[in-house]
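This is what each chain is made of:
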Amino acid sequence: MKIVFATGNSGKLREASEILGGGFELVTSAQAGITEDIPETGKTLKANSIQKAEYVWDRCGMTCFADDTGLEVDALGGAPGVYTARYAGADKDFNRNMDKLLYELSVLETEASMASAIGLSVRKVSRRARFRSVVTLIIDGQRHIFEGVLEGTVARQKSGEGGFGYDPVFIPDEYPGKTLAEITEDQKNAISHRGKALRAMAEYLKGLQTEDSSIL
């Protein structure tokens, strides 16, 4: 089955191809003839995911899907959230995004330490966080939503050469002491937020294929 993935991110495309496995041929939106930037002006991850998928469907009419993923940090009130890719600016520079995130958490921890030093009762700054992915699939004009979450903590510094995005500063609960950038792609795919959502989508598509073959 050929499916258009509304992304220009080679890391996402590789990850999705590995997770979906055989039986699915992924092509990028550019390969489907959509070379302009796909808008994502929604206020939530779900809204952005839907917007991107519908944009692709309206222009090529092929089975397609889009994802929107956000990092939600408890101490920052859920930020960066929907602004994850553009946290430090519109250029989507993830090194700058990570630097900003680490700096903001260090400021909160310093403030808490200073308050504690003068006798104020303050709660320890939590570094708990999670990645959340929302995938929207459009097939035969019908919209289907799949979600996945990966719980963990924000590291104190970047570590690891693998992965992409915020992977060097995110420590998943499943691998204490290691960031997503320090584990293998297979290990990451098995636990990742996007992996969970994409596997749910794949199961749905395989179910449709099974129904079609049974009819035949």
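- The name that an unreviewed UniProt entry assigns to the protein chain is dITP/XTP pyrophosphatase, with the source organism given as Candidatus Cryptobacteroides excrementavium.
- Among the UniProt annotations of the protein chain, the heading Subunit (unreviewed entry) holds the following wording: "Homodimer."
- Turning to the protein chain, the UniProt annotation filed under Sequence similarities (unreviewed entry) states: "Belongs to the HAM1 NTPase family."

**Quick notes on the UniProt feature "active site" (unreviewed entry) in the protein chain**
1) Next: Mapped onto this numbering, the UniProt entry gives "active site" (unreviewed entry) at Asp-68.
2) Next: Along the chain, the position of Asp-68 falls in strand 3 (residues 64-73).
3) Next: When its relative accessible area of 7% is taken as the criterion, Asp-68 is described as buried.
4) Next: Apart from the residues lying within four places of it in its own chain, the contact partners of Asp-68 are Glu-40, Thr-44, Leu-45, Asn-48, Ser-49, Lys-52, Val-82, Arg-132, Ser-133 and Val-134.

**Notes on the pattern of salt bridges**
1) Next: The tally for this structure, following the rule as stated, stands at 21 salt bridges.
2) Next: Glu-40 is the partner of Lys-52 in a salt bridge, and the nearest nitrogen-oxygen pair spans 3.7 Å. Residue Lys-52 is found in helix 2 (residues 45-60), and its partner Glu-40 is found in the loop between strand 2 (25-28) and helix 2; the two are separated by 12 residues along the sequence.
3) Next: A salt bridge links Glu-72 to Arg-132; its shortest N-O distance comes to 3.0 Å. With Glu-72 in strand 3 and Arg-132 in strand 4 (residues 128-139), this residue pair connects regions lying 60 residues apart in the sequence.
4) Next: Here Glu-72 falls in the buried class, since its relative accessible area comes to 17%.
5) Next: Connected via shared salt-bridge partners are Lys-12, Glu-15, Asp-67, Asp-167, Lys-188 and Arg-194.

**Here's the deal with the sheet that holds strand 1 (residues 2-5)**
1) Next: Across the sheet, which stays open at both edges, the 6 strands sit in the order 2-1-3-4-5-6 with mixed pairing between neighbours. Looking at strand neighbours, the two that pair on one side only are strand 2 and strand 6 (170-172), the edges of this open sheet. Taken pair by pair, the neighbouring strands of this sheet meet at an average axis angle of 35 degrees, ignoring direction.
2) Next: Bridge count between strand 4 and strand 5 (residues 142-154): 12 bridges; the pairing is antiparallel. Its bridge partner being in strand 5, Ser-133 is matched across the sheet by Gly-148.
3) Next: Along the sheet, helix 1 (residues 10-20) makes contact with strand 1, strand 2 and strand 3, crossing strand 2 at roughly 165 degrees.

**Examining unusual backbone geometry**
1) Next: Here Ala-79 and Pro-80 are connected by a cis peptide whose omega angle stands at 0 degrees.
2) Next: Mapped onto the fold, Pro-80 is located in the loop between strand 3 and helix 3 (94-117).
3) Next: In this structure, Lys-92 takes a positive phi of about 55 degrees despite not being glycine.
4) Next: You can call Lys-92 partly exposed: its relative accessible area is 38%.

**A closer look at the nonpolar core**
Nonpolar side chains tend toward joint burial in soluble globular proteins.
1) Next: Formed by 18 residues in total, the largest nonpolar core has its most connected members in Leu-71, Val-73, Leu-101 and Tyr-166.
2) Next: It is helix 3 that contributes the most residues to this core, 4 residues altogether.
3) Next: Dropping the residues within four chain positions of it, Tyr-166 is found in contact with Leu-71, Pro-80, Thr-84, Tyr-87, Phe-94, Asn-97, Met-98, Leu-101 and Phe-131.
4) Next: Counting residues in each nonpolar core, the second largest holds 17 residues, with Ala-16, Val-135, Leu-137 and Phe-146 among its members.

**Examining a nonpolar patch on the surface**
1) Next: Nonpolar side chains collect at one region of the surface, where Ile-118, Leu-120 and Val-122 lie side by side and expose about 300 Å² of accessible area between them.
2) Next: Structurally, the position occupied by Ile-118 is in the loop between helix 3 and strand 4.
3) Next: Given the relative accessible area of 67%, Ile-118 is considered exposed.

Calculation criteria
Residues numbered from 1 in each chain as written. Predicted model: local features only at pLDDT ≥ 70, side-chain atom pairs only at ≥ 80, totals over all residues. Heavy atoms only, no water. UniProt positions renumbered as here; feature names shortened; annotations may be inferred. Helix = DSSP H or I, 4+ residues; strand = E, 2+ residues; numbered from the N terminus. Buried < 20%, exposed > 50% of the residue type's maximum accessible area, 1.4 Å probe, protein only. Contact = heavy atoms within 4.5 Å. Salt bridge = Lys/Arg side-chain N within 4 Å of Asp/Glu carboxyl O. Pairing = 2+ DSSP bridges. Axes fitted to C-alpha atoms, helices over the stretch in contact; angles between N-to-C directions. Core = buried A, V, L, I, M, F, W, Y, C linked by side-chain atoms within 4.5 Å. Patch = residues over 30% accessible without salt bridge, like charges linked within 9 Å, V, L, I, M, F, W, Y side chains within 5 Å. Areas by Shrake-Rupley, 256 points an atom, 1.4 Å probe, with all protein chains shown as cover.

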